[in-house]
Amino acid sequence: MRAIEFFGRIATMLTMDFGGIHTVAKLDCLRRCLDAFASALGGRKPRLKYIDPFAGCGVWSPKQHKRPGGFFPSPTLEFEGSARIALNFKFDEFLFADKDRSSVDKLNGLRAQFPERRIQIAKAKADGFLREICEATNWEKWRGFVFLDPFGLPPRWRTMRAIARTRAIDFLLLLPPGINRLLTRNGKTTPANKALDRFCPSLGDACYREYEEGGLLQPQAVCMKVAKPHDVANYYGTQLRTVFRYIVQAPLPLNIVGATYYLWGGVGDNNGAAERLEIMQRIFSDREIRWRAKQHYRSTQRP
Ligand SMILES: C[S@@+](CC[C@H](N)C(=O)[O-])C[C@H]1O[C@@H](n2cnc3c(N)ncnc32)[C@H](O)[C@@H]1O
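Quick caveat, the model's predicted, so the values are computed rather than measured.

Parameters and conventions
- Residues numbered from 1 in each chain as written.
- Predicted model: local features only at pLDDT ≥ 70, side-chain atom pairs only at ≥ 80, totals over all residues.
- Helix = DSSP H or I, 4+ residues; strand = E, 2+ residues; numbered from the N terminus.
- Contact = placed C-beta atoms within 7 Å.
- Near = placed C-beta within 6 Å.
- Nonpolar A, V, L, I, M, F, W, Y, C, P; charged D, E, K, R; others polar.
- pLDDT = per-residue confidence, 0-100.
- Axes fitted to C-alpha atoms, helices over the stretch in contact; angles between N-to-C directions.
- Parallel < 35°, antiparallel > 145°, perpendicular 65-115°, else oblique.
- Left-handed = near helix turned anticlockwise from the far one by under 90°.
- Expected span 1.5 Å × (residues − 1).
- Buried ≥ 20, exposed ≤ 12 C-beta atoms within 10 Å, placed from the backbone.
- Arc of directions from axis to C-beta.
- Pairing = 2+ DSSP bridges.
- Right-handed = clockwise from strand over helix to strand, strands pointing away.

1. Re the overall build of the protein
Within the protein one finds 12 helices and 13 strands. Contacts in the protein between residues at least 24 apart in sequence constitute 71% of all its contacts with a sequence separation of at least 6.

2. Observations concerning the site of the ligand
Around the ligand lies a shell of 20 residues, among which Phe54, Gly56, Gly81, Ser82 and Ala126 are the nearest. Broken down by secondary-structure element, the contributors of at least two residues to the shell around the ligand are β1 (16–19) and β5 (93–98). Looking at the shell around the ligand, its residues break down into 11 nonpolar, 4 polar and 5 charged.

3. A short note on the confidence of the model for the protein
Overall, the predicted model of the protein reaches an average pLDDT of 84, with 82% of residues at or above 70. pLDDT under 50 marks residues 1–17. Its contacts with residues more than four places away, or in other chains, come to 24 contacts.

4. What to know about the packing of helix α5 (residues 126–136) against helix α6 (residues 157–166)
Across the interface, α5 lies against α6 with an axial gap of 9 Å and an inter-helix angle of 20°. On the basis of the axis angle, α5 is roughly parallel to α6. Considering how the two elements wind past one another, α5 and α6 form a crossing that is left-handed. On α6, the residues that touch Asp127, Leu130, Arg131, Cys134 and Glu135 of α5 are Thr159, Ala162, Ile163, Arg165 and Thr166. Of the residues assigned to the contact of α5 with α6, the class counts are 4 nonpolar, 2 polar and 4 charged.

5. Remarks on helix α11 (residues 273–285)
Helix length check: α11 (13 residues) gives 18 Å between terminal C-alpha atoms against 18 Å at 1.5 Å per residue, within 8%. Taken together, the buried positions of α11 are Arg276, Leu277, Met280, Ile283 and Phe284. Within α11, the buried residues cover an arc of 115° as seen down the axis, which keeps them to one side. Residues of α11 that are exposed and point over 90 degrees away from its buried face: Ala274, Glu275, Glu278 and Arg282.

6. Describing helix α10 (residues 229–243)
With 15 residues, α10 should cover 21 Å at 1.5 Å per step; its first-to-last C-alpha distance of 22 Å lies within 8% of that length. If you check which residues of α10 are buried, you get Pro229, Val232, Ala233, Tyr236 and Leu240. Buried residues of α10 fall within an arc of 95° about the axis and therefore sit on the same side. The outward face of α10, more than 90 degrees from its buried face, is lined by the exposed residues Thr238, Arg241 and Thr242.

7. Describing the environment of Phe37
By the secondary structure assignment, Phe37 is in helix α2 (residues 21–41). Phe37 gets classed as buried once you count the C-beta atoms within 10 Å, which come to 22. The sequence separation of Phe37 and Ile279 amounts to 242 residues, and the corresponding C-alpha distance is 9.1 Å. When sequence neighbours within four positions are dropped, the list of residues in contact with Phe37 reads Phe145, Asp170 and Arg276.

8. Focus on unusual backbone geometry
Its identity as a non-glycine residue notwithstanding, Arg167 has a phi of 55°, on the positive side. Positionally, Arg167 belongs in the loop between α6 and β8 (169–175). Non-glycine residue Ser202 carries a positive phi angle of around 55°. Relative to the assigned elements, Ser202 resides in the loop between α8 (191–195) and α9 (203–207). You can call Ser202 partly exposed: it has 13 C-beta atoms within 10 Å.

9. What about the pairing of strand β6 (residues 119–123)?
Every other side chain in a regular strand lies on the same face of the sheet, so the side chains alternate between the two faces. Inspection of the sheet shows β5 paired to β6 by 5 bridges, in the parallel sense. Pairing of Phe94 across the sheet is with Ile119, part of β6. Regarding topology, helix α4 (residues 101–112) serves as the crossover connection from β5 to the parallel β6, and that connection is right-handed.

So, in C-alpha cells, the structure goes:
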C-alpha cells in the first residue's frame, strides 16, 4: 500500500464514521433541544452542565463521501458532532467521555480551540462516568443536559435511575437496536434475555407470548418473541415513565440500513419542567425531522 494511501486511511479512521441521514436528524434534534434548554435556563441561578458520555471525537463524516482508490485520498467532508455542537451553546461546564483513546485525543484537540470554556474530558466508560457525576454534583446549584448516544446497547438501567434521581437533568437518548437483537426468538428465560434486565427491567415479559402447541393429547408450552422493534422501543418508554415524570409522548424512529434507532427524550422534574417538555415535544413532532425519519422507517418495515 502506498504511504499516502495508508495515512489517508488512518486519517479517515480517526474521523468518526457512523453518519447518515439518521445522524443529521439526531444532531438536528440535539441542536434544537440545546437551544431550547439554554434559552429556558441560561442566565439564571442554577449553573448548566452539558454531559456527553458517548462523545465520539467532535466531528463525523458521511460514509458515502469516502471513495477508495486514487493516488490522493478523497477529501473527507466533516460535520459537527455532538460535542462540537454543544460548544456553540453557553454552558458553564462541558463533560465529555469516550472509551476510545483516539476519540479522546481528538476531543483534547477540540478543547484547545476553546480555551475560554471549562471542558473536562475523560477516557472512560459512559455508565460509571455518568453515575459519578450524578452522585458528586450538588443539583441544588446545577442543571444538566445529557446526550446519550451509544452504539450497541443503551446505558445500564441503574444509570437511567441515577439521572432521574437528580431531578435536574434533561436528556436525549438514542436507543440502539442491540437491545432488540439480544432478545432471542423463542425463550424469555435464556441468559441473554435475563441479562437484558440490566438495560430495561422485565423486557422479556413484555416481548414474549406463551401458548400451547401440539393438539389435545400432547400439548407443549411454546414461548415466542412477538415484539417488533417499535414495541421494544415503546416498552422502553413505558419503563422510562416509571422513573421520569416528564418523557416525550413517543420516540422518534431513525433508520440506518437494516436497523432502527429510537430517539427518546425527557426533562428533569423541576421548575419549568412542563414547559421544557412541551418544547421538546414540539421538536420531536416537527414534520421535517419526522418526514426524514419516516421515509427510512417505512422502507424497512415488513408488511
Ligand atoms: C455514535 S458514537 C457517538 C457520536 C457522537 N455523539 C457525535 O455525535 O459525534 C458512539 C461513541 O461512543 C463510544 N462508546 C461506545 N461504548 C461506550 C462506552 N460504554 N463508554 C464510553 N464510550 C463508549 C464509541 O467509542 C463512540 O465514539
